[in-house]
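# Summary of structural features
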Amino acid sequence: MDTAAPLRAYLVDDEPLALERLTRLLAEFDEVSIAGSTTDAVAAYQFLSGHEGKSIDVLFLDIQMPGMTGFDLLSRLAEQPFVIFTTAYDEYALRAFEVNSIDYLLKPIEPEQLERAIHKLERCRPISKPAWQQSGELPQLLRELAASVGGGHPEYPRRIAYRIGERITFLDLAAVTHFQALDKLTYAIADGRQHSVDQTIAELEGRLDPARFLRIHRSVLVNVDWIQDLNSWFAGKVVVTLKDARHTQLTVARDRVPELKSRLGI
C-alpha cells in the first residue's frame, strides 16, 4: 500500500443526513479520499464487488440498514477492505469488534472520534490485506452476526445516543415517552425533557421495536407502554394522554387511529 497516497474510502449509510455529515467531516482529512458513497446497501455490494470496488482501502459502514445489514454486506464480499463501522446503537459495539474492524463510531459522529479512527487506520496502512481476512471462521461469524441484527428475530436497541454540547450520552428507550419532530430536529422526550437525536421520525420508526414504538402522526412516534388513555374529541379528533408527570396529550392522525386502537386492543 502506498503510504503517500490518500486512502480511498467508500461510505455506506441508509441515513442521508448521517452520510452528509460523515462526508463533510472526512473532507478535513488529507489522508482520506472519498471514492464514493451510497444510502443503498445493495448498490454498495454491487460497487464493492466490481472492478472499481477492488481499489477501495476503507469502508465506512452502517450496521443496521433495511434489507441488508452491514454484516450481511461483509458476508457477501469475497475480498474486504478495512472496515470502520458506524451506528447509532452501542449494542453493536462488541459485535463490530468481533470481526476485527478498525474502529467503531457512534452516531452522531464527532470529529475527535473520526480522527482517532483515521489514526488507527494509518497505523494499518503497511498491511497489504486485513489480517481477519485470513480467518476461516470469518464467513460463519458474519452470517451469525447478520442473523442477530437483521434476521427474523431482530434484537432491537435498548438505548439511543443523544448529544449534550460536545458530550455524547445514552438514554434508555424504556424511559422515552415519545419522539417528536420540531423545527427540523428530532427529540426523544423522557421525564419531560427533550433530548436531541440525529435521526428522523421515519428512520426511528424503521429501527425501533414496532411492538413498543408506534407512529401516530407524521411528526410523532409514541411509546405505547406510556399511553394512559385514548380520547375522542370534537370533529373526530383523537388524542392520547401519556402516563408522564405532565399527562402529555398527543394528537393522533386520522389515518393512524385504526392501528393504534388495534395495538391497544380497543
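Above this text you will find the structure in question.
The structure presented is a predicted model; accordingly, all values stated were derived computationally and were not measured.

## What about the pattern of salt bridges?
Counted under the stated rule, the structure contains seven salt bridges. Arg212 is the partner of Asp225 in a salt bridge, and the nearest nitrogen-oxygen pair spans 3.4 Å. Of this pair, Asp225 sits in the loop between strand S12 (220–223) and strand S13 (227–232) while Arg212 sits in the loop between helix H7 (201–207) and strand S11 (213–217), and the two are 13 residues apart along the sequence. Asp225 gets classed as partly exposed once you look at its relative accessible area, which sits at 44%.

## As for the environment of Gly67
Here Gly67 is to be found in the loop between strand S3 (58–62) and helix H3 (70–76). Taking relative accessible area as the criterion, Gly67 reaches 83% and is therefore assigned exposed. Distance from Gly67 to Ala41, taken between C-alpha atoms, is 7.8 Å for residues 26 residues apart in sequence.

## Here's the deal with the sheet that holds S12
Taken in spatial order, the five strands of this open sheet run S10-S9-S8-S12-S11, and their pairing is antiparallel. In this open sheet, the two edge strands, each paired with only one partner strand, are strand S10 (193–197) and S11. Mean inter-strand twist for the sheet, computed between neighbouring axes without regard to direction, equals 30°. Note: strand S9 (residues 185–190) against S10, five bridges, orientation antiparallel. Each residue of the ladder has a partner; that of Thr186, found in S10, is Val197.

What counts and how
Residues numbered from 1 in each chain as written. Predicted model: local features only at pLDDT ≥ 70, side-chain atom pairs only at ≥ 80, totals over all residues. Heavy atoms only, no water. Salt bridge = Lys/Arg side-chain N within 4 Å of Asp/Glu carboxyl O. Helix = DSSP H or I, 4+ residues; strand = E, 2+ residues; numbered from the N terminus. Buried < 20%, exposed > 50% of the residue type's maximum accessible area, 1.4 Å probe, protein only. Pairing = 2+ DSSP bridges. Axes fitted to C-alpha atoms, helices over the stretch in contact; angles between N-to-C directions.

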